[in-house]
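One letter stands for each residue in the lines below.
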Amino acid sequence: MKKVLCAILLVTIVMSGLFAQGAQEADGPKGEKPYEIAVIIKATDSDFWQYLLVGALNYEFENPDLVNVTTYGPPSESDIDQQIAILENVISTNPDGIVISSTSSDASVPALEMAYDKGIKIVTVDNRVNTDKVHTFLATDNTLGGSLAAEKMVEYLKKNNISTAGKKVAVVSAMAGVQVLTDRDNGFITRIKELIPSIELIPTRYVDNDIIKALSTTEDLITTYGSDLIGIFADNNHSADGVSRAISEQGLSNKIMVTAYDSDPEEVAAIKSGAIKAIMVQDPYGMGYKGVDSAVKAIEGATLPEYVDTGVVVVEKHNVNDPEAQGILDPFTMKKY
């Protein structure tokens with residue numbers, strides 16, 4: 001009888017230890033190499049975000065004993081609820097770190113704060129979220145990028161001898177309420193007003209990050225304002241793709257000066273054709289690569305800067321084929337895995 005009781009007691013102790021260990025693992029990440037890093041992008045339907053994944057996965061390729069990178073993302077940037085569901089599911093797996101480009105500056109906050117409190121290291125890229133519970137933020141200075149887009153537009157208006165007196169400029173924005181886009185738009189609007197005080201800004205048009213909507217919106221702008229419309233700023237690659245299609249189809253490359261943000265193959269083709277005069281190119285590859293590296297450093301106890309400026313490069317027809325631009329325009333050329 002004593003042997004049976006001892007056996008029962010031993011089994012109880014062992015099982016209690018297992019349950020305790022399981023409970024501990026459920027509370028937060030393990031912190032053992034290779035570190036589990038989840039990378040969550042805004043959308044899988046965009047080359048721009050695929051470029052970010054190339055950087056993240058190249059980091060894993062170069063450091064296979066250090067990290068295991070898993071990647072996630074909703075189909076479109078408009079799928080905010082789906083991105084939050086992905087984030088919550090990722091958190092339930094207790095990775096060591098999360099690198100995320102959050103579509104919404106607010107919707108992801110509760111989940112990110114919960115992850116932070118569990119000990120998961122949080123690195124945000126591209127779009128700032130409205131919480132201090134992140135370990136670092138990597139992004140372009142989007143206000144500066146918008147300002148540069150305005151300066152380039154004015155430069156091309158002068159090159160094409162286009163009068164600005166009584167004329168109009170439009171902003172075609174991918175989505176409303178996204179801080180990164182708001183910064184770009186405000187940077188453009190502020191600077192264009194400084195450079196051309198007499199210019200009239202048409203109320204910003206929002207296109208739900210949809211290329212076809214951007215195309216139809218641009219067609220509507222052209223029809224409504226005619227020759228008074230002399231410039232359009234498109235604040236991401238999908239809005240730019242739609243705008244450039246309308247400009248090309250109607251043969252207005254020398255009459256409406258288009259500047260834009262980001263890069264994808266269609267934008268690059270539009271630069272070469274002249275439908276877009278200049279694009280403000282971020283470094284999505286660097287955001288992915290440096291994002292994972294930052295997560296590793298945070299896991300290993302490093303104190304990281306609150307913000308890291310990942311830079312912006314202006315690409316135009318004269319430098320689009322330069323070797324220095326190629327790695328930024330098409331990071332797939334640097335793919336190692």
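First, a word on what this report is: a plain description of the structure on this page. What you are looking at is a predicted structure, and each value in this text was computed from that prediction instead of being measured. (Residues numbered from 1 in each chain as written. Predicted model: local features only at pLDDT ≥ 70, side-chain atom pairs only at ≥ 80, totals over all residues. Heavy atoms only, no water.)

1. Thoughts on the side chain of Lys 42
To be explicit about the condition: Secondary structure elements follow DSSP: runs of H or I of four or more residues count as helices, runs of E of two or more count as strands, with numbering from the N terminus. Categorising residues by exposure relies on relative accessible area from a 1.4 Å probe, with only protein chains included: less than 20% of the type maximum marks a residue as buried, more than 50% marks it as exposed, and the intermediate range marks it as partly exposed. Two N or O atoms count as a polar contact when they lie within 3.5 Å, although within protein this holds only if one can serve as hydrogen donor and the other as acceptor, and sequence-adjacent residues are included solely when both atoms are side-chain atoms. Any pair of residues with heavy atoms lying within 4.5 Å of one another is described as a contacting pair.
Of note, Lys 42 is situated in the loop between strand E1 (35–40) and helix H2 (47–62). Judged by relative accessible area, which is 2%, Lys 42 ranks as buried. Here the side chain of Lys 42 touches Asp 126 through a polar contact of 2.9 Å, side chain to side chain. Ignoring anything within four residues of it in the chain, the contact list for Lys 42 reads Trp 49, Pro 74, Ser 76, Glu 77, Gln 83, Ser 101, Ser 102, Thr 103, Asp 126, Asn 127, Val 178 and Val 180.

2. Observations regarding helix H4 (residues 109–117)
Applied cut-off: Here, the arc refers to the directions that run from the helix axis to the C-beta atoms.
Within H4, burial applies to Val 109, Ala 111, Leu 112 and Ala 115. Each buried residue of H4 lies within a common arc of 165 degrees when the element is viewed along its axis, so the set occupies one face. In H4, the exposed residues that point more than 90 degrees away from the buried face are Pro 110 and Asp 117. Considering only its buried residues, H4 is in contact with helix H3 (80–92), strand E3 (97–100) and strand E4 (121–125). Looking at the residues trailing H4, positive phi occurs at Gly 119, about 100 degrees.

3. As for the side chain of Ser 108
Checked against the element boundaries, Ser 108 lands in the loop between E3 and H4. From its side chain, Ser 108 meets the backbone oxygen of Ser 104 in a polar contact 3.4 Å long. Excluding residues that lie within four positions of it along the chain, Ser 108 makes contacts with Ile 84, Leu 87, Ser 102 and Val 129.

4. Focus on the packing of aromatic side chains
What characterises a pair of aromatic rings is the spacing of the ring centres plus the angle enclosed by the ring planes. Here is the rule we go by: Classification of ring pairs rests on two measures: the distance between centres of Phe, Tyr or Trp rings, Trp counted by its six-membered ring, which must be within 6.5 Å, and the angle between planes, read as stacked under 30 degrees, edge-to-face over 60 and tilted in between.
With the rule as written, the count across this model stands at six aromatic pairs. On the numbers, 4.8 Å between centres and 90 degrees between planes, the contact of Phe 48 with Trp 49 is edge-to-face. In this structure, Phe 48 and Trp 49 share a single accessibility class: buried. An angle of 70 degrees between the planes, with centres 5.1 Å apart, marks the rings of Tyr 59 and Tyr 289 as edge-to-face.

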